[in-house]
Amino acid sequence: MAGITSYGAYVPLYRLSRADISKAWGIPGPIGEKAVANYDEDTLTMAVAAGIDCLKDIDPESVDGVYFASTSAPYKEKQSATIIATALGLNKGAITSDFANSLRGGTIALRAALDSVAAGSARNILVIASDMRLGAPRGDKEMAFGDGAAALLVGNSNNAVDIESTYSVFDEIFDTWRSSNDTYARTSEDRFLRDSGHTRIVPEAVSIVMKEHNLTQADFSKVVISASDPKQLAAAAGRLKLDTKTQVQDLLHEQIGNTGTALPLMLLVAALEEAKADDKLLLAAYGDGCDVLVMKVTNQLEKVKDRRGIKCHLESKRMIGSYQKYMIWRELIFTEPPARPPIMPVALPASWRDRNWGLSLRGSKCKSCGTPQYPMQRVCVICQSEDQYEPYAFSRQRGKVFTFSHDNLAGAIDPPSTIASVDFEGGGRIMCDMTDRDPEEVKTDMPVEMTFRKLHTVNGVHNYWWKCAPIRC
Amino acid sequence: MGSIKDRVAIVGMGCTQFGERWDKSADDLIIDAAHEAFEDAGIDRKDVQAAWVGTTGSGTTGRCLSEPLKLQYCPVTRVENACATGSDALRNACYAVAAGIYDIVLALGFEKLKDSGYSGLAVSQVQGTNREQTKTAPAHFALLATRYFSQYGLSPEEGKKMIGRISVKSHKNGTLSPKAHFKKEISIEQVLRAPIVAWPLGLFDCCGVSDGAAAAIVTRAEIAKNFRSDPVYVKALQISVGHMEGFLRSDYDWTHVEETRRAAAAAYAEAGIKNPREEISMAEVHDCFSITEAVTMEDLQFSPQGHVKEDIESGFFDLTGPLPVQPDGGLKCFGHPIGASGLRMMYEMYKQLQGKADKRQIKNPKLGLTHNLGGFPAGPTISALIVGL
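This write-up is about the structure you can find in this document. Every chain's residues receive numbers from 1 upward, in the order its sequence appears when written. Working convention: letters from A go to chains and numbers from 1 go to ligands, in the order in which they are written. Local features are withheld for residues below a pLDDT of 70 in this predicted model, meaning they are given only at 70 or higher, and side-chain atom pairs are given and counted only at 80 or more; totals for whole chains, interfaces and linings count all residues.

**Some points on the overall build of chain A**
Numbering goes from the N terminus for both helices and strands, where a helix is a DSSP run of H or I of at least four residues and a strand is a run of E of at least two. A count of helices and strands for chain A gives 12 helices and 22 strands. It is over C-alpha atoms that the radius of gyration is taken, and the globule rule equals 2.2 Å times the number of residues to the power 0.38. For chain A, the C-alpha radius of gyration of 22 Å lies close to 23 Å, the compact-globule estimate for 473 residues. Principal-axis analysis of the C-alpha atoms places the extent of chain A at approximately 70 × 55 × 35 Å. Every C-beta atom is placed from the backbone, and the number of other C-beta atoms within 10 Å of a residue's own sets its class: buried at 20 or more, exposed at 12 or fewer, partly exposed in between. Looking at chain A as a whole, 51% of its 473 residues are labelled buried. By definition, residue pairs are in contact when their C-beta atoms, positioned from the backbone, come within 7 Å. Taking as baseline every contact in chain A between residues at least 6 positions apart, the subset at least 24 positions apart corresponds to 71%.

**Notes on unusual backbone geometry**
Residue P375(A) is bonded to the preceding Y374(A) through a cis peptide linkage, with omega at -5°. For P375(A), the position within the fold is in the loop between β16 (372-373) and β17 (389-393). With an omega dihedral of 5°, the bond running from W199(B) to P200(B) counts as a cis peptide bond. Along the chain, the position of P200(B) falls in the loop between β5 (196-199) and β6 (201-202). Look at T61(B): it is not a glycine, yet its phi comes out positive at around 60°. One can find T61(B) in the loop between β2 (50-54) and α2 (63-69). Among the residues examined, T61(B) registers 12 C-beta atoms within 10 Å and is labelled exposed. The backbone of Q301(B) shows a phi angle near 65°, a positive value even though the residue is not glycine.

**Brief notes about the packing of helix α4 (residues 137-151) of chain B against helix α5 (residues 156-174) of chain B**
Angle between the axes and distance between the axes: these two values describe a pair of packed helices. Residues and elements named next belong to chain B. α5 packs onto α4 with a crossing angle of 120° between their chain directions and a minimal axis gap of 10 Å. Regarding the angle of α4 to α5, the classification is oblique. Seen along the crossing, α4 lies across α5 with a hand that is right-handed. Between α4, through A145, Y148 and F149, and α5, the contact on the second element is made entirely by P156, G159 and I163. Think of each axis as a best-fit line through the C-alpha atoms, taken over the contacting stretch in the case of a helix, with angles from 0 to 180 degrees between the N-to-C directions. These descriptions rest on fixed angle ranges, namely under 35 degrees for roughly parallel, over 145 for roughly antiparallel, 65 to 115 for roughly perpendicular, and the rest for oblique. In this scheme, a crossing is called left-handed if the near helix is turned counterclockwise away from the far one by less than a right angle; it is called right-handed if the turn is clockwise.

**A closer look at the packing of α5(B) against helix α10 (residues 290-299) of chain B**
Residue and element names in this part refer to chain B. Across the interface, α5 lies against α10 with an axial gap of 8 Å and an inter-helix angle of 100°. The orientation of α5 with respect to α10, classified from their angle, is roughly perpendicular. Contacts from M162, I163, G164, I166 and S167 of α5 reach α10 at S290, I291, E293 and A294. Looking at the contact of α5 with α10 residue by residue, the class counts come to five nonpolar, three polar and one charged. Under the grouping applied here, Gly and all other residues not named as nonpolar or charged are polar, the nonpolar ones being Ala, Val, Leu, Ile, Met, Phe, Trp, Tyr, Cys and Pro and the charged ones Asp, Glu, Lys and Arg.

**Quick notes on the interface of chain B and chain A**
Contacts between the two partners involve 31 residues from chain B, matched on the other side by 37 residues from chain A. The element best represented in the side of chain B that touches chain A is α4(B), accounting for seven residues. Per-class residue counts for the side of chain B that touches chain A are 13 nonpolar, 13 polar and five charged.

**Considerations on helix α8 (residues 230-239) of chain A**
All names here are of chain A. Listed in full, the buried residues belonging to α8 are Q232, L233, A236 and A237. Seen end-on, α8 carries its buried residues on one side only, within an arc spanning 130°. A positive backbone phi angle near 55° is found at K241, which sits one or two residues after α8. Throughout, the arc means the angular range of directions from the helix axis out to the C-beta atoms.

**Observations regarding the sheet that holds strand β15 (residues 362-366) of chain A**
Backbone-to-backbone hydrogen bonds join strands into a sheet, with any given pair of strands oriented parallel or antiparallel. All names here are of chain A. When DSSP locates at least two bridges between a pair of strands, those strands are taken to pair. Taken in spatial order, the three strands of this open sheet run β16-β15-β17, and their pairing is antiparallel. Every interior strand has two partners, whereas the edge strands, β16 and β17, have only one. Bridging between β15 and β16 involves two bridges; their strand directions are antiparallel. In the strand pairing of β16, S364 is matched with Q373.

**Observations concerning helix α3 (residues 80-88) of chain A**
For an α-helix, 3.6 residues make a turn, and residues three or four places apart therefore share a direction. All names here are of chain A. Across the nine residues that make up α3, a large majority, seven, are buried. All buried positions along α3 are accounted for by S80, A81, I83, I84, A85, A87 and L88. As for α3, its buried residues are in contact with α2 (43-54), β4 (65-70), β5 (95-100), β6 (125-131), β21 (447-458) and β22 (461-470). Backbone geometry just downstream of α3 places G89 in the positive-phi region, at approximately 85°.

**Here's the deal with the sheet that holds strand β8 (residues 161-170) of chain A**
All names here are of chain A. Here nine strands make up an open sheet; going across it, the order is β5-β4-β6-β7-β1-β8-β13-β12-β11 and the pairing mixed. With partners counted over all chains shown, the strands left at the sheet margins are β5 and β11 (222-225), one partner each. Each strand of the sheet is rotated relative to its neighbour by a mean of 20°, with strand direction disregarded. Pairing of β8 with strand β13 (residues 289-297), which is carried by nine bridges, proceeds in the antiparallel orientation. From the neighbouring strand, F170 faces β13, where its bridge partner is G289.

**Quick look at the environment of K183(B)**
All names here are of chain B. Looking at the element boundaries, K183 is found in the loop between α5 and α6 (188-193). For the pair K183 and E270, spaced 87 residues apart in sequence, the C-alpha to C-alpha distance is 36 Å. Other than its neighbours up to four places away in sequence, K183 contacts G174, T175, S177 and C333.

**Remarks on the nonpolar core**
Think of a nonpolar core as buried Ala, Val, Leu, Ile, Met, Phe, Trp, Tyr and Cys residues, each tied to the set through C-beta atoms within 7 Å. Membership of the largest hydrophobic core comes to 267 residues, with the highest contact counts inside it found for I84(A), A149(A), A107(B), L108(B) and A215(B). Not counting chain neighbours up to four residues away, the residues in contact with I84(A) comprise L44(A), A47(A), V48(A), G51(A), V66(A), F68(A) and I128(A).

Treat this as a map of the structure, not an account of what it does.
Structure (structure tokens):
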């Protein structure tokens, strides 16, 4: 039976207090904070981070595909899943697919993965949902939206979660939308949505599933329902006569915000972190209709509970501290450009040649003297043996900062730009930027890990690569 | 391997005013430096039999020299070897003379940096995956400082004070250099208070960005005295080029520059120098950043490894000290028009050896050393040139 064999999640380190937004605009707003991607993060980098978490002790070469869901992928025309698969180091035969344009995309991708595995066309599929939507400045959606990602590995052996039944209904309605020319999400009247949107379709779909499988509310230890805010969730849960205090998964609205396509899977991960064997869970994802999945936890779940998931990422955070900084990171205002030469475009053939090496932070290991080196060296830097190397993955290795500098001249979006010479625990050294750091905390010999980030964008080409960062948690 | 020692001589040199030369084009700088050198050697442009021109980005091919000077169909080779470009142009010129092919050749280095429109160094970008292009030179050299401080137990404050004294010393020398870009004394307090460019390096730890050109006329040693009574003889010309090993090898300590050690050792052997701290009279080294000068003092064997601080504090490298370093103010005061710097350093050694350094004249110098560091400390191009009487 196809089911979930591992999970992972990613919440950016930075949080913006909603009070900072209120203060900036002089308007009242809801309480709490929202998770905000760093200036060098986007939907795709967050997806890679969630994927790394999910594949913590799993060989990426053993994964047969990546299904990626988002409404805010970095390209309108160009697949994100191939970049994610490359960064994660999947084998070339893996199926890659993007699921776009619906807040239900995460569960649609999950259903497709379950079908692929059930049909035997893949042993396992990594499903990742990631989103980073913008609400227009000074609006309720800016207050509500947060950034994040979740990943589920779907397989058919040693399932941590068995999927017992699935149900989907599509429903044509203008609830939330963004035309291909829109930067900011739009929504229709809240009273119309209350009566005709989420509060109608979610309870209907869940009731159909419960009736069909002879289930009652009491059968579920946790019900996970995606919703745009706690009020909407409470309305649906009320109609379903669920115990909102104990039975309904919290929306994490005060800690993260509405993460769009990623939300249903992030909430599921949060529920699984608290679940135990034999618990029955229901997941209902809303958006252009509703997907409902009934699932049962197995005793294998304990084996994947060492993931960072939601919990660990929530505990590790840093406040941005100002709305202005958020505006700069999201390019909501034009600021004085750095007095430095413009960034040159990437040489695309060079980037293509590097696709199996640098983009996944693969270097080489000399077969003659055994020294790992990055980037790949045809002639060994230690013993000078020629073309005696094998690929060597650095991306998941931790390292230590040997030396560093905080550069104010580089014209970084969030100066200073911290560069570091890092020694990997398994050998080898790299020079890279450091991100998600507090300059005051950076010391020689501090431990770091590698994280996939966006260096810059020129001519519509996002230049993704790896940076080091303090160990997140 | 052969040795260059005493086989060729420099019989004329020229050097422009360095600085933000808004009023001078690259061609103007070339003409000014070359004319001074021709005049100094007592030759005419038509006497030049071959030429080597060094620039990293202000011109291409030998034409960038022959065009402004209207050299008449002689061979001109453009040399590029990062910040050692000027020194390498001179080295190649010397070798051609030593080979017996030419009697009179010109080596000229120049750079026009201030047309870039940017305050900091704005070098041309290498195409590729473009992952490195935002990393600046100050940041790369700051890596040396961070590790040096950590390795030798210096707090950032102690470390910054140590390298700060280097800048104070060079700025003092610069006040005596009419051709320097900066001719102003600074205090250690100013250095320590200055804005941070790339932590831990502040504004006064960094050399300026400027325009300039310098030139040398080289002949065979046997005929040098036909040109002047006080030619300066070449004792050693060494280049060591790294292979970026410090970026790859975790045994690189980021407190020294291996290529400087190797180029210096080879230069001392070529010149027959056993004890450089005693025998070298003066040096112009590549103080692109104050920390670079500090570790260079150790790599050139002027100070024991890890002990440059004592020599800095005792004034060992001051103009009046036992081994003056940057008597003209160095890159710190001249700025660093990349292709010109090596020859500008040589110009100072040449004038000092001839006793023509005016207010900054060092007493009876015998041997002068110039050093360039091109690229980054973890795998640079290093030149170590020694000249003497």
